[in-house]
Amino acid sequence: MVESAQSADGTTIAFDRLGAGPAVVVVGGAMNTRLSPYPLATMLADRFTVISYDRRGRGESGDGSAYSVDREVDDLAAMVAAAGGRASVYGHSSGGILALEAAARGVPVEKVAVYEPPYTFDPDAPAQGDPGVTGALDAGDPDGAVRAFMRLTGMDDGTIEGMSHAPFWAGLVAIAHTLPYDLALSGDGRVPGDRLSAVAAPTLVMDGGASPAWAARAAEALLGAIPDATRVTLAGQNHGVDQAVLAPVLIEFFGA
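Since the model is a prediction, treat every value here as computed from it, not as a measurement.

## Here we look at helix α11 (residues 243-255)
Between its first and last C-alpha, α11 extends 17 Å over 13 residues, near the 18 Å set by a 1.5 Å rise per residue. All of the buried residues in α11 are Leu 246, Ala 247, Val 249, Leu 250, Ile 251, Phe 253 and Phe 254. In this structure, the buried residues of α11 make contact with β3 (23-27), α1 (38-44), β5 (87-92), β6 (109-115), β7 (203-208) and β8 (229-234). If you check the start of α11, you find a side-chain oxygen 2.9 Å away from the backbone N of Ala 244, and it comes from Asp 242.

Following this line, the structure appears as structure tokens:
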């Protein structure tokens, strides 16, 4: 049964609650809804109370009048409150950035685990900026916006074209209007070390051994910025990490 909570600005945030035990909030990345990490949530639910939610603008959640990172932090704070006032948080991709921002800003988080937060700045090719997402959306082309965003993660055009014929593609296109939210979280692509040094919670930083080079660079930078951080590289994994590989790592970290 879908539950809901009100964020600080009055936006309704929809979520599912599974399992029993210490609370873990799961935060999806770009083009994810609360259902995207469902296999992971069910694996964690044997040990934890898992809350998976629709980030604003997606699924059954509202969107508010104007986006800001602060509002998304408030949304996550509302999920922690719904979990009982304290919770651990796992975030994938931009959801990982959101989890770190919330922890740095004082949301009562017990532990934080992140997988490949997309701090994609490349010191050897420092030109950053919108990879064409906003332009495609302004032109009324959400399909093009999804393709542009996927290229930013390092996905090649052939893989993207193949995905575009899959049944789930229409669902990605339907929430393409939220992609600028994910870009806002990533900022200029650099790890905001000064800000994230305020993260006091034990933090697990994960990346995939088969991921693009930016993922390892970001993990190393986070390790240097967050006082109580450890890093685990999952062999053979890329940005679309296998949830069955991820689950035991999270169970060990959150259950320790």
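## Details of unusual backbone geometry
Phi at Met 31 is positive, roughly 60°, even though this residue is not glycine. Note that Met 31 resides in the loop between β3 and α1. For Met 31, a relative accessible area of 9% corresponds to the buried category. Of note, Ser 93 is a non-glycine position whose phi angle comes to about 55°, a positive value.

## A word on the pattern of salt bridges
Under the definition given, this model contains 20 salt bridges. Residue Arg 56 pairs with Asp 9 through a salt bridge whose shortest N-O separation is 3.1 Å. Placement of the pair is Arg 56 in the loop between β4 (49-53) and α2 (69-82) and Asp 9 in the loop between β1 (3-6) and β2 (12-18), with a sequence separation of 47 residues. A salt bridge links Arg 34 to Asp 54; the nearest nitrogen and oxygen atoms lie 2.7 Å apart. Residue Arg 34 is located in the loop between β3 and α1, and its partner Asp 54 is located in the loop between β4 and α2; the two are separated by 20 residues in the primary sequence.

What counts, and at which threshold
Residues numbered from 1 in each chain as written. Predicted model: local features only at pLDDT ≥ 70, side-chain atom pairs only at ≥ 80, totals over all residues. Heavy atoms only, no water. Helix = DSSP H or I, 4+ residues; strand = E, 2+ residues; numbered from the N terminus. Expected span 1.5 Å × (residues − 1). Buried < 20%, exposed > 50% of the residue type's maximum accessible area, 1.4 Å probe, protein only. Contact = heavy atoms within 4.5 Å. Polar contact = N/O pair within 3.5 Å; in protein donor to acceptor, adjacent residues only side chain to side chain. Salt bridge = Lys/Arg side-chain N within 4 Å of Asp/Glu carboxyl O.

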